[in-house]
Amino acid sequence: MSTRTFAERHAELVETRAARPGAIAEAAARRARPAAPLGAAGKLMIIAADHPARGALRAGTDPQAMGNRRDLLERICVGLARPGVHGVLATPDIMEELLLLGELDGRYAIGSMNRGGLAGASFEIDDRFTAYTASAIDAAGLDGGKMLLRVDLDDPATAPTLENCANAVTELAARGLPAMVEPFLSTRGEGGKITNVLTPEAMTKVISIASGLGATSAHTWLKVPVVDRMEEVMESSTLPALLLGGEVSDDSEATLAGWKAALDLPTVRGLVLGRSMLYPPGDDVAGAVDAAVALL
């Protein structure tokens, strides 16, 4: 077992990036894939780490929390080392850093695809595919792709986002790869800030929309928040779904209770947690991960 500190490993990573960029492809080629397909591994625990590429750095009260890459990577590595954690969802930069750190052997690696709807931008709803493509996910030997779908019925930019997400679902399915769609019904409030509408009715509508994207839904998964009347909401689709964590909550007990209740629903197959687990109250990443895993 390595006795190197994370600072030493990070320094090596930085040097490798500069001196041997080809090492990324080499690491991807030798990564041991998980033994079972995504849906055959039981209840899943996936770490989400694709926020920075959309300029969404806030966690809790710190607006720059995810802006320190070394700190973020160390937190992800702490999470991946905990028993019961199955993998990571990330953009190419973070995925490749984890490959170089040797953290993804036997883990599910889900590539995040559309990060062009930058947080706070006037064009935020027009969520362009600026990260992974289906072909790149396949070439890198990853285990699926994830896309964010925010539907604003008053914003025409929703239409190209819908079309691009549908194309990505089709392209991933053609390669036998899962497409993880994260749908929200969104609206612009005062000052033009986008707000996700988290009522049962809104989630039922947008899950229904997301379920019909692409030429086939055979490989489509959903990534959804926990809302009121969750049993009713999840009856809007037969697709497998993972629960997302969202922002850091001040009431971790209530958050855990919400996840626990939703995990009993037949289509819910696990958790995809990011900021809520990587930057928890008290800053105990290992403890937060273990508490979430215990729900499974």
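Residues numbered from 1 in each chain as written. Predicted model: local features only at pLDDT ≥ 70, side-chain atom pairs only at ≥ 80, totals over all residues. Heavy atoms only, no water.

**Q** Would you mind going over the packing of helix α3 (residues 69-80) against helix α11 (residues 285-293) with me for this structure?
**A** The axes of two packed helices give the description: the angle between them and the distance between them. Relative orientation of the contacting elements α3 and α11 amounts to 40°, with a least axis distance of 9 Å. Considering the angle they form, α3 stands oblique to α11. When the axes of α3 and α11 are compared, the crossing they make is right-handed. Mapping the contact onto sequence places Arg75, Val78 and Gly79 in α3 and Val285, Ala286 and Val289 in α11. (Axes fitted to C-alpha atoms, helices over the stretch in contact; angles between N-to-C directions. Helix = DSSP H or I, 4+ residues; strand = E, 2+ residues; numbered from the N terminus. Parallel < 35°, antiparallel > 145°, perpendicular 65-115°, else oblique. Left-handed = near helix turned anticlockwise from the far one by under 90°. Contact = heavy atoms within 4.5 Å.)

**Q** Would you explain unusual backbone geometry in this entry?
**A** Glycine aside, residues mostly have negative phi angles, and peptide bonds mostly take the trans form. Unusually for a residue other than glycine, arginine 229 sits at a positive phi of about 55°. For arginine 229, the location among the structural elements is in the loop between β7 (220-224) and α8 (230-234). Positive phi is not limited to glycine here, since aspartate 283 has a value of about 60°. Take aspartate 283: it is sitting in the loop between α10 (275-278) and α11.

**Q** Just to check I follow, could you spell out the nonpolar core for this structure?
**A** Burial of nonpolar side chains together is a common tendency in soluble globular proteins. Judged by nonpolar contacts, the single largest core of 77 residues is most densely connected at Ile76, Val88, Leu98, Met147, Val224, Met234 and Leu243. With residues near it in sequence (within four places) discarded, methionine 147 still touches Met113, Asn114, Phe129, Cys165, Ala168, Val169, Leu172, Ala179, Met180, Val181 and Glu182. Within the second largest apolar cluster, 11 residues are counted, among which are Leu38, Ala48, Ile110 and Met180. (Core = buried A, V, L, I, M, F, W, Y, C linked by side-chain atoms within 4.5 Å. Buried < 20%, exposed > 50% of the residue type's maximum accessible area, 1.4 Å probe, protein only.)

**Q** Teacher, can you tell me more about helix α1 (residues 6-19) here?
**A** Helix length check: α1 (14 residues) gives 20 Å between terminal C-alpha atoms against 20 Å at 1.5 Å per residue, within 8%. Listed as buried for α1 are Phe6, Arg9, His10, Leu13 and Thr16. The buried residues of α1 occupy an angular sector of 120° when projected down its axis, which confines them to one face. The outward face of α1, more than 90 degrees from its buried face, is lined by the exposed residues Glu15, Ala18 and Ala19. (Expected span 1.5 Å × (residues − 1). Arc of directions from axis to C-beta.)

**Q** What am I meant to see in the side chain of asparagine 114 here?
**A** When you line up the elements, asparagine 114 lands in the loop between β3 (108-112) and α5 (134-139). Asparagine 114 sits in the buried class, given a relative accessible area of 0%. Within the structure, the side chain of asparagine 114 is placed 2.7 Å from the backbone oxygen of leucine 148, a separation counted as a polar contact. Those residues in contact with asparagine 114 that sit more than four places away from it in its chain are Asp127, Arg128, Phe129, Thr130, Lys146, Met147, Leu148 and Cys165. (Polar contact = N/O pair within 3.5 Å; in protein donor to acceptor, adjacent residues only side chain to side chain.)

**Q** Can you help me understand the environment of proline 83 in this one?
**A** Relative to the helices and strands, proline 83 is located in the loop between α3 and β2 (87-90). Residue proline 83 is classed as exposed on the basis of its relative accessible area, which comes to 59%. Taking C-alpha positions, proline 83 is 44 Å from glutamate 190, a pair spaced 107 residues apart along the chain.

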